[in-house]
Amino acid sequence: MSLAIDLGRHRTYGARTSFSESVEEETVDAELLRLSDSNPALLIRVNRLGIPKRFTEALIYTAGYEDEIAEAITADAAQALKLALNDAASTEEISGRIVASIPVALGPTGRAILLKGLADQGLVVQPGDVVERPIAALAEWLSDRHKIGGDSPTEPVAVIDNDGGEISVLVADTAKKRLLAIAPVSQGPADDTSLVIDRLKAILSRGAGMLEPAGTLRQDEWTAVSAAYGHVVLSGSGAEHPQFQNLVTGLLPATPIAARSTVKAGQAVIAGLTELRQINDWTCSWPTGHLMVDGKSIRPPGPLTAKHEEIEVKSTSRSHVSLADAKGARSNIQVSSVTATGVWIPQALGSVPKMRLLDDGRVLMLGAPGVRPLSFKVSWPVPGCTKPTTLDRPIPVSPLGRRALGLVSPRVDRARQAKAE
């Protein structure tokens, strides 16, 4: 038994979930919680001058800029949510596992403030159980197709979540079961429409470019970009607004809007939080855990906001790169049939190499000009996995380039080696 909470801009939804395993398959029973008298969902408003009135929008607006205000409004919102949950769920459920969805635009500072504010009210959400809204919407759509007996999709999918004007986009490669790109395109209904369209086109172009082999798709050719997608999935309270749907069909005229059979678009995210098992074996292109150098985090979990990021690191003769989960617990890595705890940083890269993160999952360690870089690709796990065993799996790492990976504490995985042979 666990709880799911969708912290949307328009309303906050809650659901309880129970899992049972039969001989044939695992089944999930989910029940929407009634968090208010007039509506199943809770409307959380902020009563402070000069900032947006909706909670998540106000948190995005203040976190990282006016942290004291962000902490205060989060404390108020968490208290209101706790009171609502006290009436709708049992004490045992509230103190158990909670999976929460958040807007994509909420950065690392906002996440930390949100999780602390919830924990102060006894609503403990682990960092690895924080899921961006479009990811949950994708899980709901996959579950819906499964329930109606449809084939598993193999064409690229664009998920566009519009929750009262708070819009974000996810690009997914269903054939490879990989989440390619995710980005916010609007923080609220006041955003300029032309800018929102430009941001939509930018993230869809990035995703389409990652779908094709290098050099086969020019991202400035919008006709080719729009034709790259086989499905567009809409979610959120604003998904069914005619003006928004016309905007989407105008951008992607050859891509049908996916139909739903079980839930409305406004409740797709909360339903998807109870169906995250649909993407348990998927991977992400962006870090969903910590990148570590010598045991210290140099980059927290979260989507890349650009095509690449650069981080300057300090390296010694025994420095190494390792990966950790969202809580900071170190994870093993899997390189072919070898399991290791990290990757050595070559001394040839110098004492202050640069780490460059690319939006397709590549990690480059760069030294002086002319020095061969260290490069590898990480297949990060999707957040919010529903089975604990998934969290214990080593993170797959693929060597790239001509410099071999020096592995820290390598050991041969006999099962993988036998399978490969």
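Residues numbered from 1 in each chain as written. Predicted model: local features only at pLDDT ≥ 70, side-chain atom pairs only at ≥ 80, totals over all residues. Heavy atoms only, no water.

**Q** Residue-level account of the packing of aromatic side chains, with values.
**A** Enumeration according to the criterion identifies zero aromatic pairs in this entry. Its end group placed over the ring of W222, K201 keeps NZ or CZ at 5.1 Å from the ring centre. (Phe/Tyr/Trp six-rings, centres within 6.5 Å; stacked < 30°, edge-to-face > 60°. Lys NZ or Arg CZ within 6 Å of the ring centre and 35° of its normal.)

**Q** I'd love a proper account of the side chain of S186, names of residues and values included.
**A** Topologically, S186 is positioned in strand β8 (residues 178-187). Within the local environment of S186, its side chain forms a polar contact with the backbone oxygen of G165, the two atoms lying 2.8 Å apart. A polar contact is formed between the side chain of S186 and the side chain of D191, at a distance of 3.4 Å. When residues no more than four places from it in sequence are discounted, the contact partners of S186 are G165, E166, I167, D191, V196 and R199. (Helix = DSSP H or I, 4+ residues; strand = E, 2+ residues; numbered from the N terminus. Polar contact = N/O pair within 3.5 Å; in protein donor to acceptor, adjacent residues only side chain to side chain. Contact = heavy atoms within 4.5 Å.)

**Q** Let's hear about the nonpolar core: which residues, and what values?
**A** Counting 56 residues, the largest nonpolar core has I135, L138, L179, I279 and M355 as the members making the most contacts within it. For this core, the element with the highest residue contribution is helix α5 (residues 133-147), accounting for seven residues. Apart from the residues lying within four places of it in its own chain, the contact partners of I279 are I135, L138, A139, L142 and V382. Formed by 35 residues, the second largest nonpolar core is a distinct cluster that contains L3, I5, I44 and A100. (Core = buried A, V, L, I, M, F, W, Y, C linked by side-chain atoms within 4.5 Å. Buried < 20%, exposed > 50% of the residue type's maximum accessible area, 1.4 Å probe, protein only.)

**Q** Explain α5 residue by residue, including any values.
**A** Its 15 residues give α5 an end-to-end C-alpha distance of 21 Å, which sits within 8% of 21 Å, the value for a rise of 1.5 Å per residue. In terms of burial, α5 is a largely internal element, twelve of the 15 residues being buried. Every buried residue belonging to α5 is among R133, P134, I135, A136, A137, L138, A139, E140, W141, L142, S143 and D144, and all of these are buried. The first or second residue beyond α5 is G149, which carries a positive phi of 85°. (Expected span 1.5 Å × (residues − 1).)

**Q** Can you break down the environment of L211 residue by residue, with the values?
**A** One can find L211 in helix α6 (residues 193-211). Overall, L211 belongs to the buried group, its relative accessible area being 16%. Taking the C-alpha atoms as reference points, L211 and L357, 146 residues apart in sequence, are found 18 Å from one another. Contact partners of L211, with chain neighbours within four places excluded, come to P156, D173, L180, A228 and Y229.

**Q** Residues and numbers for the sheet that holds strand β21 (residues 374-378), please.
**A** Spatially, β13-β19-β20-β21-β23-β16-β17-β25 is the arrangement adopted by the eight strands of the open sheet, whose pairing is mixed. Pairing within the sheet leaves two strands with one partner each, and these edge strands are β13 (308-312) and β25 (411-412). Sheet topology places strand β17 (residues 338-340) next to β25; two bridges connect them, and they run antiparallel. Pairing of V338 across the sheet is with V412, part of β25. (Pairing = 2+ DSSP bridges.)

**Q** How would you explain the pairing of β13 if you had to name every residue and give the values?
**A** Burial along β13 is one-sided: the residues E309 and I311 are buried and none of H308, E310 and E312 is. The pairing of β13 with strand β19 (residues 354-358) spans five bridges and is antiparallel. In the strand pairing of β19, E312 is matched with K354.

**Q** Hey, could you go over the packing of helix α2 (residues 67-88) against helix α4 (residues 108-120) for me, with residue numbers and the actual values?
**A** Following both chains from N to C, one finds α2 and α4 inclined at 40°, their axes separated by 8 Å at the closest point. As summarised for this structure, α2 and α4 are arranged oblique, according to the angle between their axes. Every pair of crossing elements has a handedness; the one defined by α2 and α4 is right-handed. Between α2, through D67, A70, E71, T74, A78 and L81, and α4, the contact on the second element is made entirely by T109, I113, L114, G117 and L118. Looking at the contact of α2 with α4 residue by residue, the classes come out as six nonpolar, three polar and two charged. (Axes fitted to C-alpha atoms, helices over the stretch in contact; angles between N-to-C directions. Parallel < 35°, antiparallel > 145°, perpendicular 65-115°, else oblique. Left-handed = near helix turned anticlockwise from the far one by under 90°. Nonpolar A, V, L, I, M, F, W, Y, C, P; charged D, E, K, R; others polar.)

**Q** Break down the pattern of salt bridges for me, citing the residues and quoting the values.
**A** When the charged atoms of two side chains lie near each other, side chains of opposite charge can form a pair. What the rule picks out here adds up to 19 salt bridges. A salt bridge links E31 to R16; the nearest nitrogen and oxygen atoms lie 2.9 Å apart. Taken together, the positions of E31 in strand β3 (residues 26-32) and R16 in strand β2 (residues 12-21) put the pair 15 residues apart, joining distant regions of the chain. For E31, a relative accessible area of 42% puts it in the partly exposed group. Taking the relative accessible area as the measure of exposure, R16 reaches 16% and is therefore buried. Here R111 ties to E132 by a salt bridge, and the two come within 2.1 Å at their closest N and O atoms. (Salt bridge = Lys/Arg side-chain N within 4 Å of Asp/Glu carboxyl O.)

**Q** Go over the pairing of strand β14 (residues 320-324) with me, naming the residues and quoting the values.
**A** For β14, the tally of buried residues reaches five of five residues, placing the bulk of the element in the interior. Where β14 lies against strand β18 (residues 342-344), two bridges are found, and the strand directions are antiparallel. The partner of V321 across the bridge, within β18, is V343. Here β14 pairs with strand β15 (residues 330-331) via two bridges, running antiparallel. Note that in β15 the partner of L323 across the bridge is S331.

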